[in-house]
There are 2 protein chains.
Amino acid sequence: MMLINGQPAESVSALDRGLSYGDGLFETIRFVGSTAPLWHRHMKRLRSGCERLRIPCPDAQQLLDEAQQVKKKFEDAVVRITMTRGVGERGYAPPSVVVATRIVGAFAMPALSVQTYRDGIRMHRCHTTLADQPLLAGIKHLNRLEQVLARAEWSDPALAEGLVCDQHGHAISATAANLFAVVDGVPVTPAVDRCGVAGVARAAVLDVLGNCEVRDLPLSECLGASELFLSSSVRGILPVQAVGNTVYAPGPVTRAMQRHWRDLGFPTEQA
Amino acid sequence: MMLINGQPAESVSALDRGLSYGDGLFETIRFVGSTAPLWHRHMKRLRSGCERLRIPCPDAQQLLDEAQQVKKKFEDAVVRITMTRGVGERGYAPPSVVVATRIVGAFAMPALSVQTYRDGIRMHRCHTTLADQPLLAGIKHLNRLEQVLARAEWSDPALAEGLVCDQHGHAISATAANLFAVVDGVPVTPAVDRCGVAGVARAAVLDVLGNCEVRDLPLSECLGASELFLSSSVRGILPVQAVGNTVYAPGPVTRAMQRHWRDLGFPTEQA
């Protein structure tokens, strides 16, 4: 089920700027029963993204009501909230009066196996690199062709994610999750001020890992890490078992973050 | 009027990947009566873009039939053709079987004044810069937040366009048109292999200007040019009168291109 501007609907105007120009942003929010443990973080990022793109930000309580409504038929669900700059005339100039489009839809939670959380995932090393664009970096906006191209590089279901770098040889993230490495005993996550998305799960991990460095992470350093894991608001904390031919074992930082994730209120798929 | 996958319609599925990820591309095509003088160039670029993004390319004759149908109520029109990777499940992975979405809609031609073509336009110098992304450069894809941000920098109607640079200080284009400069008597247009759009009007100008250099154009060189003009498949050849405080007079290359444009079959709005 889906609500568009509060009304049950399945389609949007073909003149919506979200479609014409990718002029908007989104959140994908995991619900556990009727609770979304990271709800406030999602709202904070949405507000910040709306401010940066100058799109009117919806009321958080209204969004929560709508999210609860669309997820009714699911036990657990992923709710996607999309905000666009609304319908506009042809041309890039924003309308003088913006009536944003608000889309709230629910999807089934993807299946997550005990093995995944115990042993970790295998990753493809993507050739697609992310462009530096500080004006858009961090925002979960609708311009996602880079991620589409990166994800299209492999179809082997044994590879759960792809490692994506920027154009300077720094590891940035997975195609749809953030990246953490443990280097010389210290956790590191790539800065996302030139490219990449400032993940909500990443923010939660950063808050609990007091000593995590946020900086450029050269690919060689990433591949030489003692632990590697991904953070995703939908999939949680995913140990990385391999990137291409480089193998890892889930280590103590990864395990501690998995426990923290469970404490936040997410189910413990891990063994 | 609009046709979506050949049927009269005004809306698309809220699950269309064009909306979810900007996963698609478009053409805006000027019709003069029932003729689109640059039709074959538009089809060539659309085909090339579809190949690069691996989106199934529609049949050109079918598109022409649909364009003629939607533009009926207009004397002259701008027809926008949008192709997306169609409806997909949540997630960046392309569907295993892609059923592309095809949107063909007509818009009124924007008003163009004699003065504009005679005296030229004034341009804002944009602070927004374009990111280098060779995998997407040249394609008229749906990820247009950079252009939206650049166009949102000014609202003064006396400024008809904005000059946009890349992150290395090279002039690239206007927000919605390509750029030509005459430097030391030689026409130059910026390369669009790292960012920017390979305009259809740009291609037509390049074909007739046998000696035009396609290369990096440092902003200082652009500002010091003896002539500056824009090419747009909708607006044609626009002399540039000023970029910020730097002024220009329409020169012989600009005038020759305006004549060529008329010879291609576009009306002569210029005096």
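Please read these numbers as outputs of a predicted model, since none were measured by experiment. (Residues numbered from 1 in each chain as written. Chains lettered and ligands numbered in written order. Predicted model: local features only at pLDDT ≥ 70, side-chain atom pairs only at ≥ 80, totals over all residues. Heavy atoms only, no water.)

### Focus on the overall build of chain A
Applied cut-off: A run of H or I in DSSP counts as a helix once it spans at least four residues, and a run of E counts as a strand once it spans at least two, with each numbered from the N terminus. Whether two residues are in contact is decided by their heavy atoms: any pair within 4.5 Å suffices. A 1.4 Å probe and the Shrake-Rupley method give the accessible areas. Residues count as covered only by the protein chains that appear here. The sign given to each residue is positive for Lys and Arg and negative for Asp and Glu; His and the chain ends receive no count. Positions of charges follow a simple convention, taking NZ of Lys, CZ of Arg, CG of Asp or CD of Glu.
Summing up its helical and strand segments, chain A has eight helices and 15 strands in all. Seen along its three principal axes, the alpha-carbon backbone of chain A occupies a region of about 55 × 40 × 35 Å. The long-range share in chain A, meaning contacts at least 24 apart out of those at least 6 apart in sequence, stands at 72%. About 10600 Å² of surface is accessible on chain A, with carbon and sulfur atoms providing 51% of the total. Taking the 28 positively charged and 27 negatively charged side chains of chain A as two groups, their mean positions are separated by 2 Å.

### A short note on the relation of the copies chain A and chain B
Threshold: Least squares is the method for superposing the copies, and the C-alpha atoms it fits come from residues with pLDDT of at least 70 in both.
For the match of chain A to chain B, the screw axis carries a shift of 0.0 Å, the RMSD comes to 0.0 Å, and the turn is 180 degrees. Overall, the copies show the geometry of a two-fold rotation axis. A shared binding surface is used by both copies, with 98% of the interface residues of chain A retained as interface residues in chain B.

### Describing the sheet that holds strand E1 (residues 2–4) of chain A
All names here are of chain A. As a reminder, the rule being used: Two strands are counted as paired when DSSP detects at least two bridges linking them.
Strand order in the open sheet formed by five strands is E2-E1-E6-E5-E4, and the pairing between neighbours is antiparallel. Lying at the two open borders of the sheet, with one neighbouring strand each, are strand E2 (7–8) and strand E4 (24–31). Judged from the three bridges that link them, E1 and strand E6 (residues 101–108) form a sheet pairing that is antiparallel. Bridge pairing in E6 links Met2 to Gly105.

### Points about the environment of A:Asp119
Residue and element names in this part refer to chain A. Structurally, Asp119 is set in helix H4 (residues 114–119). Note: C-alpha distance between Asp119 and Val240 (121 residues apart in sequence) is 8.0 Å. Not counting chain neighbours up to four residues away, the residues in contact with Asp119 comprise Gln241 and Pro250.

### Here's the deal with the domain arrangement of chain A
Residue and element names in this part refer to chain A. Applied cut-off: Reported domain spans reflect what an automatic or database domain assignment gives. Throughout, buried area stands for the accessible area (probe radius 1.4 Å) lost by two parts on being put together, summed over both. Salt bridges are identified by distance alone: a Lys or Arg side-chain nitrogen within 4 Å of an Asp or Glu carboxyl oxygen. Any pair of N or O atoms that falls within 3.5 Å is considered a polar contact. Within protein, one atom must be able to donate a hydrogen and the other to accept it, and sequence-neighbouring residues count only if both atoms are side-chain atoms. Each residue receives one of three labels: charged for Asp, Glu, Lys and Arg, nonpolar for Ala, Val, Leu, Ile, Met, Phe, Trp, Tyr, Cys and Pro, and polar for the others, Gly being one of them.
Parsing chain A into structural domains produces domain 1 (2–108) and domain 2 (114–264). Spacing between the C-alpha centres of domain 1 and domain 2 amounts to 25 Å. Each side of the interface is counted separately: domain 1 has 23 residues, and domain 2 has 22 residues. Carbon and sulfur atoms make up 62% of the area that domain 1 and domain 2 hide from each other, which totals about 1700 Å². The interface formed by domain 1 and domain 2 holds one salt bridge in total. Note that Arg41 is salt-bridged to Asp207, the shortest N-O span being 2.8 Å. Counting across the interface, domain 1 meets domain 2 through 11 residue pairs in polar contact (both at pLDDT 80 or more). Breaking the side of domain 1 that touches domain 2 down by element, the ones donating at least two residues are helix H1 (17–21), E4, helix H2 (39–53) and strand E5 (77–84). Looking at side-chain class alone, the side of domain 1 that touches domain 2 contains eight nonpolar, eight polar and seven charged residues.

### Topic: the interface of chain A and chain B
Taken together, the contact between chain A and chain B spans 57 residues of the former and 56 residues of the latter. For the pairing of chain A and chain B, the buried interface totals around 4400 Å² over both sides, and the portion due to carbon and sulfur atoms is 67%. Among the residues of chain A in contact with chain B, A:Arg90, A:Tyr92 and A:Leu145 are the three that bury the most area, contributing 19% of the side total. The interface formed by chain A and chain B includes zero salt bridges. One can count 20 residue pairs in polar contact (both at pLDDT 80 or more) joining chain A with chain B. Every element with two or more residues in the side of chain A that touches chain B is listed here: E1, strand E3 (11–13), H1, E4, E5, E6, strand E7 (121–130) and helix H5 (145–151) of chain A. For the side of chain A that touches chain B, the element with the most residues is H5(A), which contributes six residues.

### Some remarks on the packing of aromatic side chains
Rules: Aromatic rings from Phe, Tyr and Trp, taking only the six-membered ring of Trp, are treated as a pair when their centres fall within 6.5 Å; an angle between ring planes under 30 degrees marks them as stacked, one over 60 as edge-to-face, and anything in between as tilted. Put simply, a charge is over a ring when the Lys NZ or the Arg CZ is close to the ring centre, within 6 Å, and near the line of the ring normal, within 35 degrees.
Under the criterion given, the structure shown has 10 aromatic pairs over all chains. Among the aromatic side chains, those forming a connected cluster through ring pairs are A:Tyr21, A:Tyr92 and B:Phe26. The ring of A:Phe26 has A:Arg80 sitting right over it, with the charged end atom 3.9 Å from the ring centre. The ring of B:Trp154 is capped by B:Arg151, whose NZ or CZ atom sits 4.1 Å from the centre of that ring.

### Thoughts on the sheet that holds strand E4 (residues 24–31) of chain B
Adjacent strands of a sheet pair through backbone hydrogen bonds, lying either parallel or antiparallel. Residues and elements named next belong to chain B. Note the cut-off: Note on geometry: axes are C-alpha line fits, over the in-contact stretch for helices, and angles between N-to-C directions span 0 to 180 degrees.
Sheet architecture is open: five strands sit in the order E2-E1-E6-E5-E4, paired in antiparallel fashion. The two strands at the open ends of the sheet, each matched to only one other strand, are strand E2 (7–8) and E4. Taken together, the two bridges between strand E1 (residues 2–4) and E2 define a ladder with antiparallel strand orientation. Looking at E2, one finds that Ile4 is bridged to Gln7. Each of E1, E4, strand E5 (77–84) and strand E6 (101–108) is contacted by helix H3 (residues 60–70), which is oriented at about 35 degrees to E6, the strand it contacts most.

### Overview of the pairing of strand E14 (residues 236–243) of chain B
Residues and elements named next belong to chain B. Selection criterion: Burial classes follow relative accessibility: with a 1.4 Å probe on protein chains only, a residue under 20% of its type's maximum area counts as buried, one over 50% as exposed, and anything between as partly exposed.
Counting buried residues in E14 gives seven out of eight residues, a clear majority hidden from the surface. In terms of strand pairing, strand E7 (residues 121–130) meets E14 through three bridges, oriented parallel. Looking across to E14, one finds that Met123 is bridged to Val243. In this sheet, E14 lies alongside strand E13 (residues 227–232) in antiparallel orientation, the contact comprising four bridges. Counted as the bridge partner of Ser231 is Ile237 from E14. Count of turn residues in the E13/E14 antiparallel hairpin: three residues.

### Let's talk about helix H3 (residues 60–70) of chain A
All names here are of chain A. For clarity, the threshold we go by: In this description, the arc belongs to the directions extending from the helix axis to the C-beta atoms.
Within the span of H3, buried status applies to Leu63, Glu66, Ala67 and Val70. All buried residues of H3 lie within an arc of 105 degrees about the axis, which places them on one face of the element. Between the side-chain oxygen of the N-cap and the backbone nitrogen of Gln61 there are 3.3 Å, and the N-cap of H3 in question is Asp59.

### Brief notes about the state of the cysteines
All names here are of chain A. The cut-off we apply is this: The disulfide criterion is simple: two cysteine sulfur atoms within 2.5 Å.
Across all of its chains, the model carries zero disulfides over all chains by this definition. This cysteine, Cys50, is not joined by any disulfide, and Cys57 carries the nearest cysteine sulfur, 4.1 Å off. With a relative accessible area of 1%, Cys50 lands in the buried category. We note that Cys165 lacks a disulfide partner, and the nearest cysteine sulfur, in Cys222, lies 7.3 Å from it. Given the relative accessible area of 9%, Cys165 is considered buried.

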